[in-house]
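# Architecture at a glance
Given next are the chains, with one letter for each unit.
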Amino acid sequence: SQTIHQWPATLVQPVGSPLSLECTVEGTSNPNLYWYRQAAGRGLQLLFYSVGIGQISSEVPQNLSASRPQDRQFILSSKKLLLSDSGFYLCAWSVQSARGELFFGEGSRLTVL
Amino acid sequence: RKEVEQDPGPFNVPEGATVAFNCTYSNSASQSFFWYRQDCRKEPKLLMSVYSSGNEDGRFTAQLNRASQYISLLIRDSKLSDSATYLCVVNLGGYNKLIFGAGTRLAVHP
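Cut-off values and rules
- Residues numbered from 1 in each chain as written.
- Chains lettered and ligands numbered in written order.
- Predicted model: local features only at pLDDT ≥ 70, side-chain atom pairs only at ≥ 80, totals over all residues.
- Heavy atoms only, no water.
- Contact = heavy atoms within 4.5 Å.
- Buried area = accessible area lost by both parts, 1.4 Å probe.
- Salt bridge = Lys/Arg side-chain N within 4 Å of Asp/Glu carboxyl O.
- Helix = DSSP H or I, 4+ residues; strand = E, 2+ residues; numbered from the N terminus.
- Pairing = 2+ DSSP bridges.
- Axes fitted to C-alpha atoms, helices over the stretch in contact; angles between N-to-C directions.
- Disulfide = S-S within 2.5 Å.
- Buried < 20%, exposed > 50% of the residue type's maximum accessible area, 1.4 Å probe, protein only.

### Some details on the interface of chain B and chain A
Contacts between the two partners involve 19 residues from chain B and, on the opposite side, 24 residues from chain A. Interface area, chain B with chain A, both sides summed: about 1800 Å², of which 53% is carbon and sulfur. On the chain B side of the interface with chain A, the three residues burying the most area are B:Glu43, B:Tyr95 and B:Asn96, jointly 31% of the side's total. Applying the counting rule to chain B against chain A returns 0 salt bridges. For the side of chain B that touches chain A, the elements supplying multiple residues, two or more each, are strand S4 (32-38), strand S9 (84-91) and strand S10 (98-100) of chain B. Looking at the side of chain B that touches chain A element by element, the count peaks at 4 residues for S4(B).

Okay, structure coming up:
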């Protein structure tokens, strides 16, 4: 069966510090991969998606970046965090032919102070 | 205008009640539609897809009106375990790009 792992689960970072969130998927190959962010009391915002190794599409301008160095690995990064980067970050995967089911990781809760 | 709009609630209902949530979407080219459920501080999980003819899964019924760009979810015989946030989701197609509404919160009380 397929599983998705995301870490770290919780982190508190000072403004201006770097960020790295990692996500890996097991039990499937060539998935679509996604990073979403959910700010407190708000809906999920699609940040990045990837249909293959090294292929990243950005949905919104921001100081975040994403990379896909391996087929089932997706990394979200920032060189300098802002207060507004606080939120609940969710990695998700889907099969390429799916009509819309996404499978989410358990999320990473980031607080920037 | 938001791409997917929902009443944030909360809807506070007693056990056994019937409750309905509505959702509107702005992009007429949207290809498929879903309801996801999100428990407090957890990841969203697919509840059900929404088909043009309407579909039912146990106590849950989903309806789609493409002409009005409107989606609904009906929950019958509410259980305490139904307490959660219900997210209306639209697939714009392409690379399975899902757009989520902000969610409607449901609280079922004894």
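### Describing the sheet that holds strand S8 (residues 73-78) of chain A
All names here are of chain A. An order of S1-S3-S8-S7 is seen for the 4 strands of this open sheet, with the pairing classed as antiparallel. In this open sheet, the two strands that pair with only one neighbour each are strand S1 (3-7) and strand S7 (64-70). Averaged over all adjacent pairs, the angle separating strand axes in this sheet is 15 degrees, with direction ignored. Both S1 and strand S3 (residues 19-26) contribute to a ladder of 5 bridges, which runs antiparallel. Following the sheet pairing, Thr-3 is matched in S3 by Glu-26.

### Overview of the state of the cysteines
Applying the stated criterion across every chain, the model contains 2 disulfides over all chains. Two residues, A:Cys23 and A:Cys91, share a disulfide whose sulfurs are 2.0 Å apart. Measuring handedness by torsion sign, the sulfur bridge of A:Cys23 and A:Cys91 sits at about -75 degrees and is left-handed. Of the two residues, A:Cys23 is situated in strand S3 and A:Cys91 in strand S9 (residues 87-94); the sequence distance between them amounts to 68 residues. The same class applies to A:Cys23 as to A:Cys91, namely buried. One disulfide bridge connects B:Cys23 with B:Cys88, the sulfur atoms lying 1.9 Å from each other. Between B:Cys23 and B:Cys88 the sulfur-sulfur dihedral comes to about -75 degrees; the bridge is accordingly left-handed. Taken as a pair, B:Cys23 in strand S3 (residues 19-25) and B:Cys88 in strand S9 lie far apart in primary sequence, 65 residues in all. B:Cys23 gets classed as buried once you look at its relative accessible area, which sits at 1%.

Limitation: the analysis is restricted to geometry and does not speak to function.
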